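The residues making up each chain are set out below.
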Amino acid sequence: MSAPFQAVTFHDLSGSSELPAELFKRTEADLSFFTERVAPIIEAVRTEGDAALRRFARDFDGVSVPHMSILAEDTEFETAFERLDPQVVESIRFAVENVRAFHEAQKPEDMWMKEIRPGAFAGDRHVPIDSVACYVPRGKGSFPSVLLMTTIPAVVAGVKRAIVITPPGPDGKVDDATLVAARLVGITEVYKCGGAQGVAAVAFGTETVPKCLKIVGPGSPWVVAAKRQLSGLIDPGVPAGPSESLILADDSVDGALAALDLIIESEHGPDSSAYLVTSSRRVAEQAIAALPGYWAQLDEKRAGFSQAVLCGTHGGVVLTEDFAAAVEFVNQYAPEHLEILAEEPMAVMGKIRNAGEILLGNYTPITLGNFVLGPNAVLPTNGAAKTVGPLSVFDYMKRISVGYVTREGYQPLADKAHAFALYEGFPGHALAVSALRTEILNKKGQ
């Protein structure tokens, strides 16, 4: 028999213009516990390679297979297609089409140039990076959607080698839907290593797992801590930790609808963060009243996760003094996911400065964004949305600046650059744009 539901955490700020600092804290803010414990894991992978990965698969993932193949074999992909429900396969195909269409539209042109002055051209060339590891978590479920969000923009960008790393199940296998999603995207390399050990594997390289330039994808605090420790060896990508969401609702909203969407991210795990933020007491009270009924419809595990978040210190319902204060709460929090439930959601969106994604209106729940809408659902967490955007094609490409000056356009730029060089104390710079250059080129008739 499941435990009785606890009371939803309710923060009544209606009588104050202050927004308490503790409401903005996330579970990943203090990683000291994990930082100390990932260090020996990282060192073991560095020195022992595949042997350490197999040992950690046994100790952390419960793998009972003595000689687990770290690279998923072709037969595993084939078996996954045979076993997976055709409806799930079709849903994955549907999502692949939408996510690919979005990222193809997002992809920049290979190069652009602009004539800055007569005869002087400058621009950017966009080039894909050589390698990337896409992390697909598994600890609290299976996430083929994360595989799609991390690998499709890599394929669209033209990354030479895009691989997937993911924790194995107790049987030493990868989740069927994850393998099917990889095959439908065109990814052939899926490696069975997760957690801090997986991050270390792609940072150093092992006998089986290739060393990569970058790692992308969300993960547990163990993964986040490992990424930070190894950031000198591998680009850690968009900072994506435990899930978080804000549901911003005005007085036009049915509180039961707001509560329905509050469930979404809170069921990811007890380390998630999720708040309903509103200036309407009616909406707040309706939402609080509706939540137990929704928990009763979830399985015990997910209901427990959601309840831990919404009845704990990192979630619940926030009632603000007015709607402007609710909007300010959002901007200070800078959530991973933001849903705007309002009479005029477009107008409200114009007031939002900080969010990983904004989903507008009653028919755009976070669920659609997570799986099938198209925009990337790997988003910055822990307030990073104040300076960082969602995972995108741009994260798999680098810009190379390009400049070209003609004979006719050279002299006006050279004169000004010569003055800069002398002022900053670089005579070599100045010499390169002095009359000496013109003399040399004139001798060659150029």
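Residues numbered from 1 in each chain as written. Predicted model: local features only at pLDDT ≥ 70, side-chain atom pairs only at ≥ 80, totals over all residues. Heavy atoms only, no water.

In the annotation of an unreviewed UniProt entry, the entry for the protein chain reads Histidinol dehydrogenase, and the organism field reads Rahnella perminowiae. Taken directly from UniProt, the Pathway (unreviewed entry) text for the protein chain runs: "Amino-acid biosynthesis; L-histidine biosynthesis; L-histidine from 5-phospho-alpha-D-ribose 1-diphosphate: step 9/9." UniProt, in the comment section headed Catalytic activity (unreviewed entry), describes the protein chain in these words: "L-histidinol + 2 NAD(+) + H2O = L-histidine + 2 NADH + 3 H(+)". (UniProt positions renumbered as here; feature names shortened; annotations may be inferred.)

## As for the nonpolar core
Judged by nonpolar contacts, the single largest core of 43 residues is most densely connected at Ile92, Val132, Leu147, Leu148, Val190 and Tyr396. For this core, the elements supplying multiple residues, two or more each, are helix H3 (74-83), helix H4 (86-106), strand S4 (131-135), helix H5 (144-157), strand S5 (161-166) and helix H6 (176-185). Take this core: its biggest share by element is eight residues, from H5. In contact with Tyr396, other than residues within four places in its own chain, are Val127, Pro128, Ile129, Val132, Met149, Thr150, Pro153, Ala154, Ala157, Val159, Val216 and Leu391. (Core = buried A, V, L, I, M, F, W, Y, C linked by side-chain atoms within 4.5 Å. Buried < 20%, exposed > 50% of the residue type's maximum accessible area, 1.4 Å probe, protein only. Helix = DSSP H or I, 4+ residues; strand = E, 2+ residues; numbered from the N terminus. Contact = heavy atoms within 4.5 Å.)

## Quick notes on the packing of helix H1 (residues 32-48) against helix H2 (residues 50-61)
Remark: H1 packs on H2, axes separated minimally by 6 Å, with the N-to-C direction vectors making an angle of 140°. For the element pair H1 / H2, the angle class is oblique. Facing H1, whose interface residues are Ile41, Ala44, Val45 and Glu48, H2 presents Asp50, Ala51, Ala52, Leu53, Arg55, Phe56 and Phe60. (Axes fitted to C-alpha atoms, helices over the stretch in contact; angles between N-to-C directions. Parallel < 35°, antiparallel > 145°, perpendicular 65-115°, else oblique.)

## Topic: the sheet that holds strand S12 (residues 357-360)
Judged by pairing direction, the sheet is parallel, and its six strands sit side by side in the order S1-S10-S9-S8-S11-S12 without closing on themselves. A strand with exactly one partner marks an edge of an open sheet, and here the two such strands are strand S1 (10-12) and S12. Direction aside, the axes of adjacent strands within the sheet are offset by 20° on average. Pairing geometry for strand S9 (residues 273-278) and strand S10 (residues 315-319), over five bridges, is parallel. Its bridge partner being in S10, Thr278 is matched across the sheet by Leu319. Helix H9 (residues 255-266) contacts strand S8 (244-249), S9, S10 and strand S11 (337-341) of the sheet and is inclined by roughly 175° relative to S11. Where helix H12 (residues 323-333) meets the sheet, its contacts fall on S8, S9, S10 and S11, and the angle it forms with S8 comes to roughly 165°. (Pairing = 2+ DSSP bridges.)

## Examining a nonpolar patch on the surface
Taken together, the side chains of Met111, Met113 and Tyr404 make up a nonpolar region of the molecular surface, amounting to roughly 290 Å² of accessible area. Note on placement: Met111 falls in strand S2 (residues 111-117). Taking relative accessible area as the criterion, Met111 reaches 39% and is therefore assigned partly exposed. (Patch = residues over 30% accessible without salt bridge, like charges linked within 9 Å, V, L, I, M, F, W, Y side chains within 5 Å. Areas by Shrake-Rupley, 256 points an atom, 1.4 Å probe, with all protein chains shown as cover. Salt bridge = Lys/Arg side-chain N within 4 Å of Asp/Glu carboxyl O.)

## Describing H12
Counting buried positions along H12 yields eight of eleven residues, so the element is predominantly enclosed. Burial in H12 covers these residues: Phe323, Ala325, Ala326, Val327, Phe329, Val330, Asn331 and Tyr333. The backbone nitrogen of Ala324 has a side-chain oxygen 3.3 Å away, supplied by the residue at the start of H12, namely Asp322. One or two positions beyond H12, positive phi appears at Ala334, with a value near 50°. (Polar contact = N/O pair within 3.5 Å; in protein donor to acceptor, adjacent residues only side chain to side chain.)

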